[in-house]
Every structure is written in C-alpha cells, then in structure tokens.
Amino acid sequence: EQKDYDKEILERLENIRLKLVGRRQDNHLLVTMDARNASTDIRLVKKGMDDQVTYSKASVCAEKMKEFYDQYPGTTQIAFCDCSTPKSTFNIYDELRKQLELLGIPAEEIAYIHDGSTETKRKKLLADFNKGKIRIMIGSTKKLGTGVNVQENLIALHHIDVPWRPAD
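Structural notes, computed from the coordinates. (Residues numbered from 1 in each chain as written. Predicted model: local features only at pLDDT ≥ 70, side-chain atom pairs only at ≥ 80, totals over all residues. Heavy atoms only, no water.)

**A word on the sheet that holds strand 4 (residues 154-159)**
Item 1. Here four strands make up an open sheet; going across it, the order is 2-3-1-4 and the pairing parallel. Of all strands in the sheet, those with a lone pairing partner are strand 2 (110-112) and strand 4, marking the two edges. The mean angle between the axes of side-by-side strands here comes to 20°, regardless of whether they run parallel or antiparallel.
Item 2. Bridging between strand 1 (residues 76-80) and strand 4 involves five bridges; their strand directions are parallel. Across the sheet, the residue bridging to Ala79 is His158, located in strand 4.
Item 3. Contacts between helix 3 (residues 57-71) and the sheet are confined to strand 1, strand 3 (136-139) and strand 4, with strand 4 contributing the most and set at about 175° to the helix.
Item 4. In this fold helix 4 (residues 92-102) packs onto strand 1, strand 2 and strand 3, with an angle of close to 175° to the strand it touches most, strand 2. (Pairing = 2+ DSSP bridges. Helix = DSSP H or I, 4+ residues; strand = E, 2+ residues; numbered from the N terminus. Axes fitted to C-alpha atoms, helices over the stretch in contact; angles between N-to-C directions. Contact = heavy atoms within 4.5 Å.)

Here it is in structure tokens:
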C-alpha cells in the first residue's frame, strides 16, 4: 500500500509540475502533508484499512516503550505525535494506546495530554505523571513540549513523526 501511495504522490507532483491541476485542486503543500501522513501510517490517508495494517510506526514505538516500561519500573515516557490527534476516526494516539495495551500496559497508566482539558485537570494529569501514577503520556510537541515540567521520572522521549517546525 505504501509503495502504491508513493506512486500516487509522484503522479500528483508531475501533474502539478505540468500544470494539469490548479493550485486550489492540488499543490505542493497538500502533497507534502499527505506524504508525511502516509509515511507515519498509511491509514491516515487511506481510509478503511484499519484491520489490514499489522506493523506500523505506532507498533514499533509501542514495542520500544514496553521495553523501557519493563526495564525501568516506576519511570515515565512521552510519545510525541504531531500529525494526528485523538478523534473518532483512525488516529495515531488511539493506535499507540491500543498497541501498548496489547503488550500488557494497563490502560490507566496511559494518558493523552488532551485529557487535561481544563487547568485543574491538566495540573492533576501532570502531577500524576510526575509521580509515576501515569507512566505513558501521548501528545503533540506543541501541547506537551516546551514548558511542561514532567521530568521527575522521565526515562525516554519518542517521536512517532518528525517534528514539523524547526524550533521543535
């Protein structure tokens, strides 16, 4: 599927180069975003493949997180993901959570930074993470990056996708 999608990306770029499509129909920014999403997980661009993909960046990340989880009890880890957010359709957050749970990490030890939807909830969430009650936090670089002081028991950071902005 990935190789087939790469061919589609190349065709789109060629159509743009030859001016066979207008800028509003397709452009380099759209192609770049689609290629970036596809390289993270093909299911972000190809709908209806949920049960067909068994090995992805999320599953590889989950395996590595499980290694640290078992090797360093009581420590915490962060997984950064900037190309996806929790929602009702396929997303990397839920996929990573699912993979972690399949590997035996309890659901109550996994949280999304988005769970801290109010200032009070956010403070509690970050305090629970610093105490090691929550062992794995998943969030975007923007929401979980600079200025979030959760390093008390932090053993590892994982980037599921490459940070987009140079500052990140």
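**Digging into the side chain of Thr76**
Item 1. Considering the arrangement of structural elements, one finds Thr76 in strand 1.
Item 2. Thr76 sits in the buried class, given a relative accessible area of 0%.
Item 3. Engagement of the side chain of Thr76 in a polar contact is seen with the backbone nitrogen of Leu154, the distance being 3.2 Å.
Item 4. Those residues within four positions of Thr76 in sequence are excluded, and the remaining contacts are Phe129, Gly132, Ile134, Arg135, Val150, Asn153, Leu154, Ile155 and Ala156. (Buried < 20%, exposed > 50% of the residue type's maximum accessible area, 1.4 Å probe, protein only. Polar contact = N/O pair within 3.5 Å; in protein donor to acceptor, adjacent residues only side chain to side chain.)

**A closer look at the packing of aromatic side chains**
Item 1. Under the defined criterion, the tally for this structure stands at two aromatic pairs.
Item 2. Consider the rings of Phe68 and Tyr72, whose centres lie 6.0 Å apart with planes at 25°: the pair is stacked.
Item 3. With relative accessibility at 22%, the residue Phe68 sits in the partly exposed group.
Item 4. Residues Tyr93 and Tyr112 carry aromatic rings whose centres are separated by 5.3 Å and whose planes lie at 90° to one another, so their mutual orientation is edge-to-face. Residue Tyr93 is located in helix 4, and its partner Tyr112 is located in strand 2; the two are separated by 19 residues in the primary sequence. You'll find Tyr93 and Tyr112 in the same group, each marked buried.
Item 5. The ring of Tyr112 carries Arg97 above its face, with NZ or CZ at 4.7 Å from the centroid.
Item 6. The ring centre of Tyr69 lies 3.9 Å from the NZ or CZ of Arg135, which sits over that ring. (Phe/Tyr/Trp six-rings, centres within 6.5 Å; stacked < 30°, edge-to-face > 60°. Lys NZ or Arg CZ within 6 Å of the ring centre and 35° of its normal.)

**Observations regarding helix 5 (residues 119-131)**
Item 1. Taking 1.5 Å of rise per residue, the 13 residues of helix 5 would be expected to cover 18 Å, and the 18 Å separating its terminal C-alpha atoms lies within 8% of that figure.
Item 2. Those residues of helix 5 lying buried are Leu125, Leu126, Asp128, Phe129 and Asn130.
Item 3. The elements touched by buried residues of helix 5 are strand 1, strand 2, strand 3 and strand 4.
Item 4. Trailing helix 5 by a residue or two, Gly132 shows a phi angle of about 90°, which is positive. (Expected span 1.5 Å × (residues − 1).)

**Notes on the pairing of strand 1**
Item 1. Among the five residues that make up strand 1, five are buried, leaving the element largely enclosed by the rest of the structure.
Item 2. Here strand 1 shows no split at all, with Thr76, Ile78 and Phe80 on one side and Gln77 and Ala79 on the other all buried.
Item 3. With four bridges connecting them, strand 1 and strand 3 associate as parallel partners. Among the inter-strand pairings, Ile78 is bridged to a residue of strand 3, identified as Met137.

**With respect to the pattern of salt bridges**
Item 1. Following the criterion strictly, the structure yields 12 salt bridges and no others.
Item 2. A salt bridge links Arg12 to Asp34; its shortest N-O distance comes to 2.8 Å. Within this pair, whereas Arg12 is found in helix 1 (residues 2-17), its partner Asp34 is found in helix 2 (residues 28-40), the two being separated by 22 residues in sequence.
Item 3. For Asp34, a relative accessible area of 23% gives the class partly exposed.
Item 4. We note a salt bridge from Glu14 to Arg17, for which the minimum N-O separation is 2.7 Å. Residue Glu14 and its partner Arg17 are both found in helix 1; the two are separated by three residues, about one turn of the helix.
Item 5. You can call Glu14 partly exposed: its relative accessible area is 32%.
Item 6. Each of Asp41, Arg43, Glu95 and Lys98 takes part in a single network of salt bridges with overlapping partners. (Salt bridge = Lys/Arg side-chain N within 4 Å of Asp/Glu carboxyl O.)

Functional significance is not addressed by these values, which are geometric in nature.
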